[in-house]
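Spelled out, the chains give:
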Amino acid sequence: GDPPSPEDLKTVSSNLLAEIASLSTPQPSASVTPRMVSSLILPPLLALISDPHFRVRRAAVQALPRVLAGGTVDDASSYILPALTSLSTDDMYRVRKAVGECLVDMSRAVMLLGDGPGRSQRGRLLELRREQLIPLCTQLLDDANKFVRHAMQQFLGPFLASFYPLGPRDGRSGAEDGNEDDDAAGTVGVMRLLEPNAAGGVVGG
């Protein structure tokens, strides 16, 4: 058959980069560390995010959660979350749809980072999650394209649930974490967007 196109190779590369980054979580291993993710994996992934082919950009979106979880807090703040925000306004609706579909994984990745190498900056991570991901969710719920809106609606329940701790962590309750209560309260703004559609049962449909 025909050899793979450059577009195909770049798409596969995004997944491979994410797979390697995931080896750094939940605890850094001897072979892959957050510093290695920062210096060796994140730069090529950021280059793929600006690729002219939408399939490559979409694959890069799907790789971001695993790279975030395996990297550093500074990279999450300065590069990964801003890249996700930029892709949420991509001209191709399939890329924006992928952003909505990965918000649950992004939220969980932030917490993985906060439970691992980023534990000392957990409060900062909770703030980043609330200030970056919730506005993206509300934006995508109001996207001009119906496929983007429907995709975000389908993932809305799991996304909201990701802001609520499942139980005590290291002997602390969610209330003792402080910012987690603010996270939960911040989801109210997302839920209010659904009120006009509540009777129609749009969510999840």
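Please read these numbers as outputs of a predicted model, since none were measured by experiment.

A.B. asks: What's the story with the confidence of the model for the protein chain in this structure? I'm lost.
C.D. replies: Close inspection of predicted coordinates is inappropriate for parts of the model with low pLDDT. When pLDDT is averaged along the protein chain, the result is 83, and 77% of the positions lie at 70 or above. This model gives residues 166-178 a pLDDT under 50, and the stretch forms 16 contacts once residues within four places in sequence are excluded. Note that residues 196-205 has pLDDT below 50 and, in this model, 7 contacts with residues that lie over four places away or in other chains.

A.B. asks: Would you explain the packing of helix α4 (residues 73-87) against helix α5 (residues 93-115) in this entry?
C.D. replies: The relative placement of two packed helices comes down to the angle between their axes together with the axis-to-axis distance. Between α4 and α5, the shortest axis-to-axis distance is 10 Å and the interhelical angle comes to 165°. With respect to α5, the axis of α4 lies roughly antiparallel. Helix-helix and strand crossings are classified by hand; for α4 and α5 the assignment is left-handed. In this structure, α4 uses Val73, Ala76, Ile80, Leu81, Leu84 and Leu87 to contact α5, whose residues at the interface are Val95, Arg96, Val99, Cys102, Leu103, Met106 and Leu113. Its residues assigned to classes, the contact of α4 with α5 shows 12 nonpolar, no polar and 1 charged.

A.B. asks: What am I meant to see in the packing of aromatic side chains here?
C.D. replies: Each pair of aromatic rings is reported with the distance of its centres and the angle of its planes. Applying the stated criterion across every chain yields a total of 2 aromatic pairs. Judged by centre distance (5.1 Å) and plane angle (80°), the rings of phenylalanine 159 and phenylalanine 163 are edge-to-face. For phenylalanine 159, a relative accessible area of 0% puts it in the buried group.

A.B. asks: Can you walk me through the nonpolar core in this structure?
C.D. replies: Across soluble globular proteins, nonpolar side chains show a tendency to be buried alongside one another. Ranked by internal contacts, the top residues of the largest apolar core, which has 49 residues, are Leu68, Leu84, Leu103, Met106 and Phe159. For this core, the secondary structure elements donating two or more residues are α1 (6-22), α2 (34-49), α3 (54-70), α4, α5, α6 (122-141) and α7 (146-161). The element contributing the most residues to this core is α5, with 10 residues.

Procedures and definitions
Residues numbered from 1 in each chain as written. Predicted model: local features only at pLDDT ≥ 70, side-chain atom pairs only at ≥ 80, totals over all residues. Heavy atoms only, no water. pLDDT = per-residue confidence, 0-100. Contact = heavy atoms within 4.5 Å. Axes fitted to C-alpha atoms, helices over the stretch in contact; angles between N-to-C directions. Helix = DSSP H or I, 4+ residues; strand = E, 2+ residues; numbered from the N terminus. Parallel < 35°, antiparallel > 145°, perpendicular 65-115°, else oblique. Left-handed = near helix turned anticlockwise from the far one by under 90°. Nonpolar A, V, L, I, M, F, W, Y, C, P; charged D, E, K, R; others polar. Phe/Tyr/Trp six-rings, centres within 6.5 Å; stacked < 30°, edge-to-face > 60°. Buried < 20%, exposed > 50% of the residue type's maximum accessible area, 1.4 Å probe, protein only. Core = buried A, V, L, I, M, F, W, Y, C linked by side-chain atoms within 4.5 Å.

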